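# Descriptive structure summary
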Amino acid sequence: MTHTPKKQITTRRILQEELCEDPVKLCEVRLFLERYAVAVRMLRLCRIDERERNSTPGEVTYYGRVGGTAEYWQNQLIEIRQFIESLPNESCKLLLYYHYVVGMTVERASEELDISRRNAFRLKKRALAFAAARLDDWKYEWARRQREGQSS
């Protein structure tokens, strides 16, 4: 009696099944990740506003010009970082982290990952499709955790 090995599911097959090709979803995940750079800038402005608010009494300041509080923008940064960290594929996770959180170009991230420029762009496309497939579930889960944290 010979033993026939079970067919193994490859990582590539799992990824193919979990990729999102909807252009609207891809755009949504790209905008979600690009919010990281916006949140960093807005957090800086919040801190400048805070310093101006604490400046000399009687001096005219323009604080309050920033939409959202420092806490709001800090939460945005945390949400995006945790979303990227929640992705199961390490190479996708690293490329998205380098590109959107650290702010590297895809070319520079390819050097860090020791892959060709062409493969880096392919990986970015696949990583965005991979992330787009998970974004709605992540947002739901994040909102649930935020509610639970506020009620405690």
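This text goes with the structure placed above it.
Residues numbered from 1 in each chain as written. Predicted model: local features only at pLDDT ≥ 70, side-chain atom pairs only at ≥ 80, totals over all residues. Heavy atoms only, no water.

## Section: the side chain of S110
Within the fold, S110 resides in helix α5 (residues 106-113). Look at S110 and you get buried, because its relative accessible area is 4%. Discounting chain neighbours no more than four positions away, the residues touching S110 are I115, S116, R117 and A120. (Helix = DSSP H or I, 4+ residues; strand = E, 2+ residues; numbered from the N terminus. Buried < 20%, exposed > 50% of the residue type's maximum accessible area, 1.4 Å probe, protein only. Contact = heavy atoms within 4.5 Å.)

## Concerning unusual backbone geometry
Note on backbone geometry: most residues besides glycine have negative phi, and most peptide bonds are trans. One non-glycine residue, D114, adopts positive backbone phi at about 60 degrees. Take D114: it is sitting in the loop between α5 and α6 (117-151). With relative accessibility at 70%, the residue D114 sits in the exposed group.

## Details of the packing of helix α3 (residues 70-86) against helix α4 (residues 90-102)
It is at 9 Å that the axes of α3 and α4 come closest, and there the two elements cross at 160 degrees. Between α3 and α4, the angle is such that the two are roughly antiparallel. Where α3 crosses over α4, the two elements pack in a sense that is right-handed. Residue-level contacts link R81, I84 and E85 of α3 to K93, L96, Y97 and V101 of α4. Here the contact of α3 with α4 is composed, by residue class, of four nonpolar, no polar and three charged. (Axes fitted to C-alpha atoms, helices over the stretch in contact; angles between N-to-C directions. Parallel < 35°, antiparallel > 145°, perpendicular 65-115°, else oblique. Left-handed = near helix turned anticlockwise from the far one by under 90°. Nonpolar A, V, L, I, M, F, W, Y, C, P; charged D, E, K, R; others polar.)

## Observations concerning the packing of aromatic side chains
Enumeration according to the criterion identifies five aromatic pairs in this entry. Lying over the aromatic face of F130, R134 brings its terminal NZ or CZ to 3.8 Å of the ring centre. (Phe/Tyr/Trp six-rings, centres within 6.5 Å; stacked < 30°, edge-to-face > 60°. Lys NZ or Arg CZ within 6 Å of the ring centre and 35° of its normal.)

## A word on the nonpolar core
In terms of nonpolar packing, the biggest core is built from 33 residues, with V29, F32, L33, F83, L96 and L128 touching the most fellow members. Where this core is concerned, the elements lending two or more residues are α2 (23-53), α3, α4 and α6. Not counting the four nearest positions on each side in its chain, F83 is found in contact with V29, F32, L33, A131, R134, L135 and W138. (Core = buried A, V, L, I, M, F, W, Y, C linked by side-chain atoms within 4.5 Å.)

## Overview of the environment of K124
Structurally, K124 is set in helix α6. Ignoring anything within four residues of it in the chain, the contact list for K124 reads L95, H99, Y100 and V106. One polar contact links K124 to H99, side chain to side chain, over a distance of 3.5 Å. (Polar contact = N/O pair within 3.5 Å; in protein donor to acceptor, adjacent residues only side chain to side chain.)

## Description of the pattern of salt bridges
It is possible for side chains of opposite charge to pair when their charged atoms get near one another. Going through the model one piece at a time under the given rule, you end up with ten salt bridges. A salt bridge links E28 to K25; the shortest N-O distance between them is 4.0 Å. A residue pair is termed a helical-turn pair when its members lie 3 or 4 positions apart in one helix, as E28 and K25 do in helix α2 at three residues. Of the charged contacts in the structure, one is a salt bridge between E79 and R35, with a shortest N-O distance of 3.7 Å. Of this pair, E79 sits in helix α3 while R35 sits in helix α2; the two residues are 44 residues apart in sequence, bridging distant segments of the chain. The exposure class of E79 is buried, given its relative accessible area of 8%. Several salt bridges share partner residues, and in doing so they unite K25, E28, D136 and K139 into one network. (Salt bridge = Lys/Arg side-chain N within 4 Å of Asp/Glu carboxyl O.)

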